[in-house]
Number of protein chains: 2
Amino acid sequence: MPQGRPPVVPEDGLTTRARRTAPVLAVHTGVGKGKSTAAFGMALRAWNAGLNVAVFQFVKSAKWKVGEESAFAELGRLHAERGIGGAVEWHKMGGGWSWARPARPSAQSRTGGSDADHAGEAREGWAEIARRLAEQRHDFYVLDEFTYPLKWGWIAVEDVVEVLRARPGRQHVVITGRDAPQPLLDAADLVTEMTKIRHPMDAGRKGQRGIEW
Amino acid sequence: MPQGRPPVVPEDGLTTRARRTAPVLAVHTGVGKGKSTAAFGMALRAWNAGLNVAVFQFVKSAKWKVGEESAFAELGRLHAERGIGGAVEWHKMGGGWSWARPARPSAQSRTGGSDADHAGEAREGWAEIARRLAEQRHDFYVLDEFTYPLKWGWIAVEDVVEVLRARPGRQHVVITGRDAPQPLLDAADLVTEMTKIRHPMDAGRKGQRGIEW
């Protein structure tokens, strides 16, 4: 609650205002549902506060599209056309990141690819995010499914932690995915673990539009 | 993943299609962050799929406003004006539910109130939701912070479970809040527990706009 008093007032020499505006690094991990959904929910809130939002999805296929992507496209349009909320960018890995693609290739050519391709793409994605953090391009970053390239050793977690710790200004970052590595958890201000207690797919249901994607 | 095969195909006599379109009852509980945020994230996805979304916040004060409320107001407008996404209604307890208020009273008169008032309002809210479920008014319901009136005995959980189990058609319901009672968990298709691992307010930070609300 915004009115809430923090349980402890730290002796860090910061004013309340400085602490209030401290940039947040959040990690949503665990095997339960809701890690990405909650991150996009946070992005929605950030959009509403007028923050410049950028989503980077570390997914293998650019064909994969969640409902949030379309919804945020509309929100971005609202910002561009009417000045409501914040600006929105949405980038996906899978056959090359959008900023690296000169023209829009066919959906076919943007899927598949080897692990080596994916590793290279993931590294390219992180390099771009590191550049944007350095130049303070956005206010609110979602690095969706970013724990996997860390887990698989494609990107060095030490490098990620160093860049995140050194990021200038007031840039919030939310990282999602299972098995977040410990150094990332240690660096985070907010860690939430989503635990699966029961899921309809356990009972043989398939995912459905509007619910699963 | 939509393409995912369920681990078990149940012998329930249902076709895959019937199972696919089965309405979902989801509960987000636990002491961690993200319960409501993930519910609103699901609502965003539902909105994008064209579902008619209704949010009922069981909060004590109508003054309390999360960023999602404004964002969903814009999304509802997009639907009304351009036919994009689904319709949106957002109702809050606290000094009387909006549908029960003849005219908009001042913000002052809509806050405060005794526990007896809150209990009565919570019951009114649930009665209205039960009516809407019976008449299939919406496709996607968020009952935010609804576990509290159950926990405090203001609303009988058995009644809630009975109404939810008997709800006609294909109406999805997401309920959030700590300490969800066991009969509700038993009735749910999807239960996610959000576990707090670390929170910036532990370190004496205060909440901030765009992040906490």
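The structure under discussion appears in the preceding block.
Conventions adopted
- Residues numbered from 1 in each chain as written.
- Chains lettered and ligands numbered in written order.
- Predicted model: local features only at pLDDT ≥ 70, side-chain atom pairs only at ≥ 80, totals over all residues.
- Helix = DSSP H or I, 4+ residues; strand = E, 2+ residues; numbered from the N terminus.
- Buried ≥ 20, exposed ≤ 12 C-beta atoms within 10 Å, placed from the backbone.
- Contact = placed C-beta atoms within 7 Å.
- Pairing = 2+ DSSP bridges.
- Right-handed = clockwise from strand over helix to strand, strands pointing away.
- Axes fitted to C-alpha atoms, helices over the stretch in contact; angles between N-to-C directions.
- Parallel < 35°, antiparallel > 145°, perpendicular 65-115°, else oblique.
- Nonpolar A, V, L, I, M, F, W, Y, C, P; charged D, E, K, R; others polar.
- Expected span 1.5 Å × (residues − 1).

Asks: Just give me the short version of the overall build of chain A, but keep the residues and values in it.
Replies: For chain A, the count of helices and strands is 7 helices and 6 strands. Ordered by position from N to C terminus, the α and β elements of chain A give α-β-α-β-α-β-α-β-α-α-β-α-β. In chain A, which comprises 213 residues, the proportion classed as buried is 43%. Summarising the internal contacts of chain A: among those between residues at least 6 apart in sequence, 79% fall at separations of at least 24.

Asks: Provide a residue-level description of the pairing of strand β2 (residues 53–57) of chain A, including the pertinent values.
Replies: Moving residue by residue along a regular strand, the side chains alternate between the two faces of the sheet. Residue and element names in this part refer to chain A. When you tally the buried positions in β2, you get 5 out of 5 residues, the bulk of the element. The alternating pattern of β2 places Val53, Val55 and Gln57 on one face and Ala54 and Phe56 on the opposite face, and all of these are buried. Sheet topology note: the β2/strand β3 (residues 88–92) ladder contains 5 bridges and is parallel. Its bridge partner lying in β3, phenylalanine 56 is registered against histidine 91. The β-α-β motif built from β2, the intervening helix α3 (residues 67–82) and the parallel element β3 has right-handed crossover chirality. Strand direction decides the pairing type here: β2 and strand β4 (residues 140–144), joined by 5 bridges, are parallel. Considered in β4, the bridge of valine 55 is made with valine 142.

Asks: Just give me the short version of the packing of helix α2 (residues 35–48) of chain A against helix α2 (residues 35–48) of chain B, but keep the residues and values in it.
Replies: One way to put it is that α2(A) packs onto α2(B) with a least axis distance of 7 Å and a crossing angle of 85 degrees. With respect to each other, α2(A) and α2(B) are oriented roughly perpendicular. In this structure, α2(A) contributes A:Thr37, A:Ala38, A:Phe40, A:Gly41, A:Met42 and A:Leu44 to the contact, and α2(B) contributes B:Thr37, B:Ala38, B:Phe40, B:Gly41, B:Met42 and B:Leu44. In terms of residue class, the contact of α2(A) with α2(B) is made up of 8 nonpolar, 4 polar and no charged.

Asks: Explain the pairing of β4(A) residue by residue, including any values.
Replies: Most of β4(A) is tucked away: 5 of the 5 residues are buried. In β4(A), alternate side chains face the same way, and those of A:Phe140, A:Val142 and A:Asp144 on one face and A:Tyr141 and A:Leu143 on the other are all buried.

Asks: I'd love a proper account of α2(B), names of residues and values included.
Replies: Residues and elements named next belong to chain B. Over its 14 residues, α2 extends 20 Å from the first C-alpha to the last, a length consistent with the 20 Å expected when each residue adds 1.5 Å. Burial runs high along α2: 14 of the 14 residues are buried. Looking one or two residues beyond α2, the residue adopting positive phi is glycine 50, at roughly 85 degrees.

Asks: Please set out the environment of B:Val88 residue by residue, giving values where relevant.
Replies: Residue and element names in this part refer to chain B. Tracing the backbone shows valine 88 in strand β3 (residues 88–92). Separated by 16 residues in sequence, valine 88 and phenylalanine 72 place their C-alpha atoms 6.8 Å apart. For valine 88, the residues in contact, after removing those within four places along its chain, are Trp47, Val53, Phe72, Leu75, Gly76 and His79.

The values are spatial; any link to function lies outside them.
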